[in-house]
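Residues per chain are reported as follows:
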Amino acid sequence: MFPDLTRDDVFRLETKRLWLRWPRASDAPAIAAFAALPQVAQMTANIPHPYPPKEADRFIFKARAENSGGKALHLAITRKSGARPVLGLVSAAASGEIEVEIGYALAPEAWGKGIATEALRTVIDTVFALTPAARILANSRAHNPASRRVLEKTGFVYVDSGLDSLPARGGLHPCDRFRLERADWRDAREARRLPPMAHQRLGAVDVPIADPAGELHEC
Ligand SMILES: CC(C)(COP(=O)(O)OP(=O)(O)OC[C@H]1O[C@@H](n2cnc3c(N)ncnc32)[C@H](O)[C@@H]1OP(=O)(O)O)[C@@H](O)C(=O)NCCC(=O)NCCS
């Protein structure tokens, strides 16, 4: 699913405040420090709790193997400035031929600052720019409003709710399912490219607007 570009560990993404790069062995203590917290692990499908010794090393090894195999893109999130310890993880994993499933978790001290949203936006752009994925899927536990909000802010659409398997939690759990289609991502990206004046009230000024086909028109 993922191309040669992301399958090399020099690959990284840059946002206004963040670097997203392959996790490496030296990240294990920082990853374990937040992954071991119940308020982080319990919201995820794959982080075990209690967090076993060496689990972060195991995760890093597996993440790097899947990245180099092109099956997934697991990235560690760091700030661009300061000491730059890992403050979170974001993963995009192939789920069949044309779907990618996304997941993320941050250290609690990083919550509430827009970091998950900022990281997710660049991962979404990367998935659609570099892979043939037709859609990205996401799944949030029903009692996780912060995750739901991150998905809404990054363009995901709520699909439905139901009982889903969360391997590290054991059994089935109520979850909300979300989806972002390539066509919707493309339309939103075209809209973001419009000049700031275009966001003013239509009719008040003469500004170009985009039609659904993405062409510009005077109004
Ligand atoms: C979910 C998580 C990644 C969010 O990270 P974050 O960097 O705090 O997210 P952001 O700051 O980009 O956005 C969070 C949004 O949720 C909102 N939010 C937070 N807690 C909320 C709550 N209890 N109820 C409603 N909204 C809430 C915030 O106000 C913000 O929305 P806003 O920008 O409109 O104000 C983080 O809380 C986390 O790692 N949680 C544990 C692991 C997890 O849940 N992973 C997701 C598994 S699906």
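Everything here concerns the structure above.
Here's a quick rundown of the structure.

What counts and what doesn't
- Residues numbered from 1 in each chain as written.
- Predicted model: local features only at pLDDT ≥ 70, side-chain atom pairs only at ≥ 80, totals over all residues.
- Helix = DSSP H or I, 4+ residues; strand = E, 2+ residues; numbered from the N terminus.
- Buried ≥ 20, exposed ≤ 12 C-beta atoms within 10 Å, placed from the backbone.
- Contact = placed C-beta atoms within 7 Å.
- Near = placed C-beta within 6 Å.
- Nonpolar A, V, L, I, M, F, W, Y, C, P; charged D, E, K, R; others polar.
- Arc of directions from axis to C-beta.
- Pairing = 2+ DSSP bridges.
- Axes fitted to C-alpha atoms, helices over the stretch in contact; angles between N-to-C directions.
- Core = buried A, V, L, I, M, F, W, Y, C linked by C-beta atoms within 7 Å.

## Side note on the overall build of the chain
Summing up its helical and strand segments, the chain has six helices and ten strands in all. The 219 residues of the chain split such that 30% are buried. Sequence separation of 24 or more characterises 54% of the internal contacts of the chain that already satisfy a separation of 6 or more.

## Some words on the site of the ligand
As a structural note, the neighbourhood of the ligand is formed by 22 residues, with Met-43, Ala-116, Thr-117, Pro-145 and Arg-149 the closest of them. Looking at the shell around the ligand, the elements that each hand over two or more residues are β5 (99–106), α4 (115–130) and α5 (145–153). The element best represented in the shell around the ligand is α5, accounting for five residues. Taken together, the residues of the shell around the ligand sort by class into twelve nonpolar, eight polar and two charged.

## Some thoughts on the environment of Val-10
Secondary-structure assignment places Val-10 in the segment before β1 (12–14). On the neighbour-count criterion, Val-10 (7 C-beta atoms within 10 Å) is exposed. As for Val-10 and Arg-21, which are separated by eleven residues in sequence, their C-alpha atoms are 7.8 Å apart.

## As for helix α1 (residues 28–35)
All of the buried residues in α1 are Ala-28, Ile-31, Phe-34 and Ala-35. Along the long axis of α1, the arc covered by the buried residues comes to 145°, so they all point the same way. Those residues of α1 hidden inside the fold are in contact with α2 (38–41), α3 (55–69) and β4 (88–94).

## Side note on the sheet that holds β4
The strand order across the open sheet formed by eight strands is β1-β2-β3-β4-β5-β6-β8-β7, and the pairing between neighbours is mixed. Looking along the sheet, the strands with just one partner apiece sit at the ends: β1 and β7 (157–165). On average, each strand axis in the sheet is tilted by 25° relative to the strand beside it, whichever way the strands run. Set on the sheet, α5 makes contact with β6 (135–141) and β8 (172–181); between it and β6 the angle comes to about 160°.

## Comments concerning the pairing of β7
Where β7 meets β8, eight bridges bridge the pair, whose relative direction is antiparallel. Pairing of Asp-164 across the sheet is with His-173, part of β8.

## Notes on the nonpolar core
Side chains that are nonpolar tend, in soluble globular proteins, to be buried together. In terms of nonpolar packing, the biggest core is built from 50 residues, with Ile-77, Val-90, Ala-119 and Val-123 touching the most fellow members. Sorting elements by how many residues they give to this core places α4 first, with eight residues. Sequence-distant contacts of Val-90, defined by excluding residues within four places in its chain, comprise Leu-20, Leu-75, Ile-77, Tyr-104, Ala-119, Leu-120 and Val-123.

## With respect to unusual backbone geometry
For residues other than glycine, phi is negative in most cases, and the peptide bonds are mostly trans. The peptide bond linking His-49 to Pro-50 adopts the cis configuration, its omega dihedral lying at 0°. Its location among the elements puts Pro-50 in the loop between α2 and α3. Notably, Lys-54 is not glycine yet its phi reads approximately 70°, a positive angle. One can find Lys-54 in the loop between α2 and α3. On the basis of neighbour counts, which here come to 11 C-beta atoms within 10 Å, the residue Lys-54 falls in the exposed class.

In short, the description is geometric, and any link to function would need to be established separately.
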